[in-house]
Amino acid sequence: MAQVSELTHHIPENLPARIQHYIGGKFVDSVSGRTFDVLDPVTNENYATAAAGQKEDIDLAVAAAAEAFATGPWPRMKARERARVLYRIADAVEAQDARLAELETFDTGLPITQALGQAQRAAENFRFFADLIVAQVDDAYKVPGSQLNYVNRSPVGVAGLITPWNTPFMLESWKLAPALASGCTVVLKPAEFTPLSASLWAQIFRDAGLPDGVFNLVNGLGEEAGDALVRHPGVPLISFTGETTTGQLIYRNCAENLKGMSMELGGKSPAVVFADADLEAAIDSTLFGVFSLNGERCTAGSRILVERSIYDDFVARFAARAGKIVVGDPHDPKTEVGALVHPEHYDKVMSYVEIGKAEGRLVAGGGRPDSLPTGNYVQPTVFADVPPTARIFQEEIFGPVVAITPFDTEEEALELANGVKYGLAAYVWTSDLVRGHTFAGSIAAGMVWLNSHNVRDLRTPFGGVKASGLGHEGGYRSIDFYTEQQAVHITLGPVHTARFGAN
Ligand code: NAD
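Now for a quick tour of the structure. All figures in this text were calculated on a predicted structure; none of them were measured in a lab. (Residues numbered from 1 in each chain as written. Predicted model: local features only at pLDDT ≥ 70, side-chain atom pairs only at ≥ 80, totals over all residues. Heavy atoms only, no water.)

### Observations regarding the site of the ligand
Here is the rule: Near is defined per residue: the residue qualifies when any heavy atom it owns lies within 4 Å of the molecule or strand. Nitrogen and oxygen atoms within 3.5 Å of one another constitute a polar contact, given that in protein one can donate a hydrogen and the other can accept it, and given that sequence-neighbouring residues count only through two side-chain atoms. The method behind every accessible area is Shrake-Rupley, applied with a 1.4 Å probe, and residues are considered shielded solely by the protein chains displayed. Of the grid points, spaced at 1 Å and generated over the protein atoms alone, those admitting a 1.4 Å probe that cannot get out make up cavities, while open sets with protein on both sides within 12 Å along at least five of seven lines make up pockets; any residue with an atom within 4 Å of a point is treated as lining. In this description, a molecule resides in a pocket or cavity if more than half of its atoms sit within 2 Å of the grid points defining it. Secondary structure elements follow DSSP: runs of H or I no shorter than four residues count as helices, runs of E no shorter than two count as strands, and numbering proceeds from the N terminus. Just so you know, the domain bounds were taken from an automatic or database domain assignment.
If you check the shell around the ligand, you find 30 residues, and the closest are Thr-163, Lys-189, Glu-192, Thr-246 and Glu-396. Between the ligand and Gly-222, the relevant distance is 3.3 Å, taken from an oxygen atom to a main-chain nitrogen or oxygen of the residue. Between the ligand and Thr-246, the relevant distance is 2.6 Å, taken from an oxygen atom to a side-chain nitrogen or oxygen of the residue. With the chains in place, 92% of the 860 Å² that the ligand exposes on its own is no longer accessible. For the ligand, the cavity whose grid points lie within 2 Å of the majority of its atoms is the largest pocket. Elements with a contribution of two residues or more to the shell around the ligand: helix H7 (222-231), strand E11 (237-241) and helix H8 (244-255). The greatest single-element share of the shell around the ligand, amounting to four residues, is contributed by H7. Looking at which domains feed residues into the shell around the ligand, each of domain 1 (9-265 + 468-487) and domain 2 (270-450) gives three or more.

Here it is, written out as structure tokens:
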């Protein structure tokens, strides 16, 4: 296993000591001067202070965004012109992917190779939505000889974007790209654990030619800056990614102003492995599915359901591989699992590891690696024979911890798969084509991968059912969310109207 020490810990050059807001084209502190501490997850030392946005900072950011929306060029530009700016943004993100990954890894504890992949995905998100708006078609319906009905599309206004700390830069791009592509102006409130990479957007956008005021960033705590954004009457829509309980609160707080909402929430996704599966491929994929991104992944396959006839073999092989996963310095390219984002989150994950010891059979991991006495490191932890009533089966842990459960029949597998409150993703492994498709169709999950790990096609719907979310993003669905669609009806020829008051 990789070792971490003060000596090997990589600290990026030119780290900002102060992380500021970006409002109306200027970096600024909070009006109140308040700040919060930002920790490095390897040492848990405070490496910067960030401006702690309050209601008055959100008011300023919304005012800048509203002004840019009401009078600026961005919402009025032709799709092709906006797309050119988005392409320049994508190129700039790609050109600095190594720096972005370095900062993201430092701030989040994600392994550097995976952070690099996320930076490249962020660039791709901008290219994808640039292409989409240029190719955008809107509906027109004819009633031959009597009516023509068509759709006018326009950006909604100031979009409030609230994002979590896992893969922060990439998840911000997943909201920024369609919001900007649609012609909205935005106020982004990134997660307080990981504010570092978000401030890079400002320079990237400015260099690419995005007009001042179109992008605004307010750092701060969820219950302060986030809450003020959610409640602001000048923000007609909120796109939120985060925990289910936070989403429920935001849902209630949006009600007063009847805001448009998109909610990407938590998950406890099943990976179902039938006896006829390609076992080697299923083991590779289920290991990656739960331990990549430190297990801090909304679509993690954190419950593995395995058919009884291959169960013991699967558990033994899975546990042996999990025990060999390289945990260590997030900046080391050999590292497969890095440091969890924050000591609070580390404590939460560790508490589930302890709960799991009473609920299942520990077959790998189970605590902090001996070689890593400091930092938020957790061994990849595997519990077998976990009953569906267990908390580690039901609750989102959001760390490198997995529950494995046997099943005897397809019906039982389905019942177990659907037997939690979440419904974000599911993974199914079988060589029976008919079973694969019918089983996929029966799972209550927004996204299913069949004989595949989590590979995204940006055109497909992204989102969850049940407690995992509300609404779908991805492809045209994202553009639909950030735009109003107005129906226009024209009568061709004589108008046939009942003639009230004519007799
Ligand atoms: P979180 O809900 O604690 O915070 C998310 C964001 O909401 C942060 O920016 C936070 O400051 C803000 N926030 C908190 N309280 C708020 C309030 N009252 N009003 C407005 N904003 C508020 O989530 P997290 O711990 O940062 O992220 C992890 C969670 O995100 C996990 O549950 C994970 O499954 C989920 N997630 C879901 C997806 C998805 O696409 N479905 C993707 C990534 C993460």
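### Some points on the layout of surface pockets
As a reminder, the rule being used: Grid points are joined across faces, edges and corners, and a volume is the space filled by probe spheres set on the points. Amino acid classes used here: Ala, Val, Leu, Ile, Met, Phe, Trp, Tyr, Cys and Pro are nonpolar; Asp, Glu, Lys and Arg are charged; the rest, including Gly, are polar.
Considered as a void within the structure, the largest pocket measures approximately 830 Å³ in volume. Together, 34 residues line the largest pocket, and Trp-165, Phe-240, Gly-242, Glu-243 and Thr-246 are the ones closest to its centre. Put simply, the parts of the chain that give the lining of the largest pocket at least two residues each are H7, E11, H8 and helix H11 (343-359). Tallied by class, the residues present in the lining of the largest pocket amount to 15 nonpolar, ten polar and nine charged. Here the lining of the largest pocket gathers at least three residues from each of two domains, domain 1 (9-265 + 468-487) and domain 2 (270-450). Lining of the second largest pocket is provided by 23 residues; of these, Gln-114, Phe-288, Ser-292, Leu-293 and Arg-297 occupy positions nearest its centre. Elements with a minimum of two residues in the lining of the second largest pocket: helix H4 (112-134) and helix H9 (279-291). By residue number, the principal contributor to the lining of the second largest pocket is H4, which donates seven residues. Each residue belonging to the lining of the second largest pocket can be placed in one class, and the counts come to seven nonpolar, eight polar and eight charged. Residue contributions to the lining of the second largest pocket reach at least three from each of two domains, namely domain 1 (9-265 + 468-487) and domain 2 (270-450).

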